[in-house]
Amino acid sequence: MGGWGAGTPYAQPAPFHRLLTGPDWRPALKAAVAPTVVLLLAALIAAVPSDYQYEYRFHSPEFGDRFGATLAMALNALGAPFRLGYQSPLSRGHADRMDIVFRVAPMTVTVLWCLALWLGLRAGLQQRKAVAGQLTRGQAAGEALRTALVLAGVTTLLWAFGGTTWQPQDTYGVPDYTTTSGRDLSRPAVTAEAGWLEAVGWTVLLAGLLAFVVYGTDALRWAAWRSRAVRGWALAALTAGRAVAVSVALSAAAAFVLVAANSTSGGQIGLSLAFLPNLGLTLLGFGSGATFQAHSGVSGGGTGWGDRSEDLNISFFDLPDEVTADWRWAGLLALFAAGTLGWTAYRRQLDAVDRLRLAAVHAAALTLLMAVAGAMMTRTSSVTGLSTTAGVAGQENSVGLTFLTVLAANAVWAVVGALLVPPLLTAVRGGGAAKDAAYAGAPYGGVPYGGAPYGGAPQGAAAHPQPYAPVPPAPPYGPTPPHGVPAQGVPEQGAPTSVVPAPGVPAQAAAPSDAPPAPAAGVSEVLGSHGAPPTPAGGTPVPADVPQPRGEEPVDPTVWREHP
């Protein structure tokens, strides 16, 4: 029978091989459907119009050519550059050719793509947890890798089927002239394509990070329960994300109103819908004090045209003559963003350390978004003719906010909103803060160190002692909580005093009837879990509430051997 049963170790495959072939790939395939539909719908909407500016010279392309071009253009939402090429019918090779590269992300499509992927991942997570329970960090990483690979394959297919080569028919009725090699010398060639490497790279990055955040919720909750720092950074990320979303949404609405009021055609309004987050971020950055720059540069190469460039800088504090003072109203958006950030920090009753984390995350998030909200167009032309004019000429046009001014402006406003607004609100509202904290739960949504992230101990847990050293008896009011968190059983300042039940008396009988119920705070609130707290992996029992020594020491990790 060979080595079966003789104690010979079973030859396990490589970890990477098990990761790719062992588990089920259906959740990743299902999650990729919705974001793919978003890209196809965006390309379809852009391909429907058939009236183009140059129809007087060439006939409009057919729907198939238009859809292929807009499908390649839709990959701009994933960071891929869009390339347009024009080649003269009489040129040889790459002579007399013009190439235009657009680098601009229609962030409306990007947001919808991420939202559709998030909904698909949430559905897959619920199905996975219903069968196998909570996921460990390794399982979450495996799901993230599979999701990223599946979406990378989808992006590759869209890139392969997208793009087009179109030879427009002249409206002047010039007859076709085809050479023996099959080349038509009477029609130019127009090509449209997207960059594959950039599209796949950004797809893997966005899909992998989003999938790991969704599937790793249990592992992140566990880490947040054990560590005060992790809990603080998790809360800072959630709070800053909500504040950024509200601020950018209002700025995008203001930008849409400006476009609608100043546009001359309905096409401009329709086009602006795809770039509303870009316009809102630019308007918010300008109102915050960042410098808006428009750059135009020409390089002549060997054509004899020479190199020249021109920059137009518009600052909130130094408006040029051609810009009216009405643009300073954009400063209200910066004030609103700082006020939203400060109000959120005030409502959550964050301490100074957590507000510093909040300011850092908010400034970094806004700076990253504003850095990718700009646009750039590069045009390269190959010219043939006389020796003094032959060569390659290039032109580069870009618009956007300068990075250093964006970083400085966001840092200043984040500090103002996170550090100065909450104390000001506390001084203005006075005793309202205690009332808000009483109804909003524990400060910053944290959980005292005595409670487990997956609920209380199961019945009979005391009858099965855990394999770790005994702990000293608990103090009368439970374990010592972190700074800023009220201890369990200890009433807050100004709150009604609770009655400690005597031994053998039920808690319901000992508690006063008019006492408000204690708020249930947990790490699920810290990380925004949308479902009920899951049970530990492998049926590991949850430890009962144990007192923690001072100095913010976590629970003994041997209690949770089966959990990461």
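As the structure is a computational prediction, the values presented were derived from the model and not from experiment.

Undergrad: Is there a simple way to explain the packing of aromatic side chains in this structure?
TA: Each aromatic ring pair is described using two quantities: the centre-to-centre distance and the angle formed by the ring planes. Evaluated as defined, the whole model comprises 8 aromatic pairs. Measuring from ring centre to ring centre gives 6.1 Å for phenylalanine 286 and phenylalanine 316, while their planes differ by 75°; the resulting arrangement is edge-to-face. Taken together, the residues phenylalanine 286 in helix H11 (residues 276–288) and phenylalanine 316 in the loop between strand S6 (308–314) and helix H12 (331–347) connect sequence positions 30 residues apart. The two residues phenylalanine 286 and phenylalanine 316 agree in class, both being buried. Geometrically, the ring pair formed by phenylalanine 316 and phenylalanine 317 is edge-to-face, given 5.4 Å between the ring centres and 85° between the ring planes. In this structure phenylalanine 316 comes out as buried when scored by relative accessible area, which is 15%. By relative accessible area, which is 61% here, phenylalanine 317 ends up exposed.

Undergrad: Where do I start with the side chain of threonine 147 in this structure?
TA: Within the secondary structure, threonine 147 is located in helix H6 (residues 137–161). Discounting chain neighbours no more than four positions away, the residues touching threonine 147 are Ala28, Leu117, Leu121, Ala207 and Ala211.

Undergrad: How should a nonpolar patch on the surface be read in this particular structure?
TA: Taken together, the side chains of Val33, Val37, Leu41, Leu44, Val48 and Phe63 present a nonpolar region at the surface, about 500 Å² in accessible area. With respect to the element layout, valine 33 can be found in helix H3 (residues 33–47). Given the relative accessible area of 49%, valine 33 is considered partly exposed.

Undergrad: Quick question: what am I supposed to make of the packing of H3 against helix H5 (residues 107–132) here?
TA: How two helices pack is summed up by the angle between their axes together with the distance between the axes. For the pair H3 and H5, the least separation of the axes is 7 Å and the interaxial angle reads 155°. In terms of orientation, H3 lies roughly antiparallel with respect to H5. Considering only the axes of H3 and H5, their crossing is right-handed. Only Val109, Leu112, Trp113, Ala116 and Leu117 of H5 make contact with H3, whose side of the interface consists of Ala34, Pro35, Val38, Leu39 and Ala42. Here the residues of the contact of H3 with H5 sort into 10 nonpolar, no polar and no charged.

Undergrad: Can you help me understand the pattern of salt bridges in this one?
TA: Two side chains of opposite charge can pair, provided their charged atoms sit close to one another. Counting across every chain of the model gives 7 salt bridges. A salt bridge links arginine 128 to glutamate 143, with the nearest nitrogen and oxygen atoms 2.3 Å apart. Placement of arginine 128 in helix H5 and of glutamate 143 in helix H6 is noted, with a sequence separation of 15 residues between them. Among the salt bridges present, the one from arginine 357 reaches aspartate 354, with a minimum N-O distance of 2.8 Å. Within this pair, arginine 357 and its partner aspartate 354 are both found in helix H13 (residues 352–371), separated by 3 residues, close to a single helical turn. Salt bridges sharing partners connect three or more residues here, namely Arg228, Asp351, Asp354 and Arg357.

Undergrad: Is there a simple way to explain unusual backbone geometry in this structure?
TA: Generally, phi is negative for residues other than glycine and the peptide bonds are trans, each holding for most cases. Although it is not a glycine, glutamine 349 sits at a positive phi angle of roughly 55°. By secondary structure assignment, the location of glutamine 349 is in the loop between H12 and H13. Given a relative accessible area of 29%, glutamine 349 falls into the partly exposed group.

Undergrad: I'm lost on the nonpolar core in this one. Help?
TA: In globular proteins that are soluble, nonpolar side chains generally tend to be buried together. Within the largest apolar cluster, 35 residues are counted, with the highest numbers of intra-cluster contacts made by Leu39, Leu75, Trp113, Leu117, Leu121 and Tyr215. When contributions to this core are tallied by element, the ones reaching two or more residues are helix H2 (26–31), H3, helix H4 (63–74), H5, H6, strand S4 (189–194) and helix H7 (196–215). Each residue touching leucine 39, except ones within four places of it in the same chain, is listed here: Ala74, Leu75, Leu78, Val109, Trp113 and Leu158. The next biggest cluster of nonpolar side chains, apart from the first, holds 22 residues, and it includes Met107, Leu319, Ala337 and Ala373.

Undergrad: Could you clarify how one ought to interpret the pairing of strand S1 (residues 82–87) in this entry?
TA: Put simply, side chains in a regular strand alternate between the two faces of the sheet. Pairing of S1 with strand S2 (residues 97–103) involves 6 bridges; the strand directions are antiparallel. When the sheet's bridge partners are listed, arginine 83 is paired in S2 with valine 101. As defined by bridge partners, S1 adjoins S4 across 6 bridges and the pair is classed as antiparallel. In the strand pairing of S4, tyrosine 86 is matched with valine 190.

Undergrad: Honestly, H3 in this entry has me stumped. Any pointers?
TA: Residues lying three or four places apart along an α-helix face the same way, a consequence of the helix completing one turn every 3.6 residues. Relative to the 21 Å expected for 15 residues at 1.5 Å per residue, H3 spans 21 Å between its end C-alpha atoms, a close match to the ideal helical length. Looking only at H3, the buried set comprises Pro35, Thr36, Val38, Leu39, Ala43 and Ala47. When H3 is viewed along its axis, its buried side chains cluster within an angular range of 165° and face the same direction. Buried positions along H3 lie against H2, H4, H5 and H6.

Undergrad: Sorry, what's going on with the confidence of the model for the protein here?
TA: The predicted coordinates ought not to be read in detail in places where the model reports low pLDDT. Summing up the model confidence of the protein, the mean pLDDT is 74 and the portion of residues at 70 or higher is 63%. For the stretch residues 433–564, pLDDT sits under 50, and the model shows 177 contacts to residues farther than four places along the chain or on other chains.

Undergrad: Teacher, can you tell me more about the environment of alanine 219 here?
TA: Counting through the fold element by element, alanine 219 comes out in helix H8 (residues 217–226). Taking the C-alpha atoms as reference points, alanine 219 and threonine 136, separated by 83 residues in sequence, lie 6.0 Å from one another.

Cut-off values and rules
- Residues numbered from 1 in each chain as written.
- Predicted model: local features only at pLDDT ≥ 70, side-chain atom pairs only at ≥ 80, totals over all residues.
- Heavy atoms only, no water.
- Phe/Tyr/Trp six-rings, centres within 6.5 Å; stacked < 30°, edge-to-face > 60°.
- Helix = DSSP H or I, 4+ residues; strand = E, 2+ residues; numbered from the N terminus.
- Buried < 20%, exposed > 50% of the residue type's maximum accessible area, 1.4 Å probe, protein only.
- Contact = heavy atoms within 4.5 Å.
- Patch = residues over 30% accessible without salt bridge, like charges linked within 9 Å, V, L, I, M, F, W, Y side chains within 5 Å.
- Areas by Shrake-Rupley, 256 points an atom, 1.4 Å probe, with all protein chains shown as cover.
- Salt bridge = Lys/Arg side-chain N within 4 Å of Asp/Glu carboxyl O.
- Axes fitted to C-alpha atoms, helices over the stretch in contact; angles between N-to-C directions.
- Parallel < 35°, antiparallel > 145°, perpendicular 65-115°, else oblique.
- Left-handed = near helix turned anticlockwise from the far one by under 90°.
- Nonpolar A, V, L, I, M, F, W, Y, C, P; charged D, E, K, R; others polar.
- Core = buried A, V, L, I, M, F, W, Y, C linked by side-chain atoms within 4.5 Å.
- Pairing = 2+ DSSP bridges.
- Expected span 1.5 Å × (residues − 1).
- Arc of directions from axis to C-beta.
- pLDDT = per-residue confidence, 0-100.

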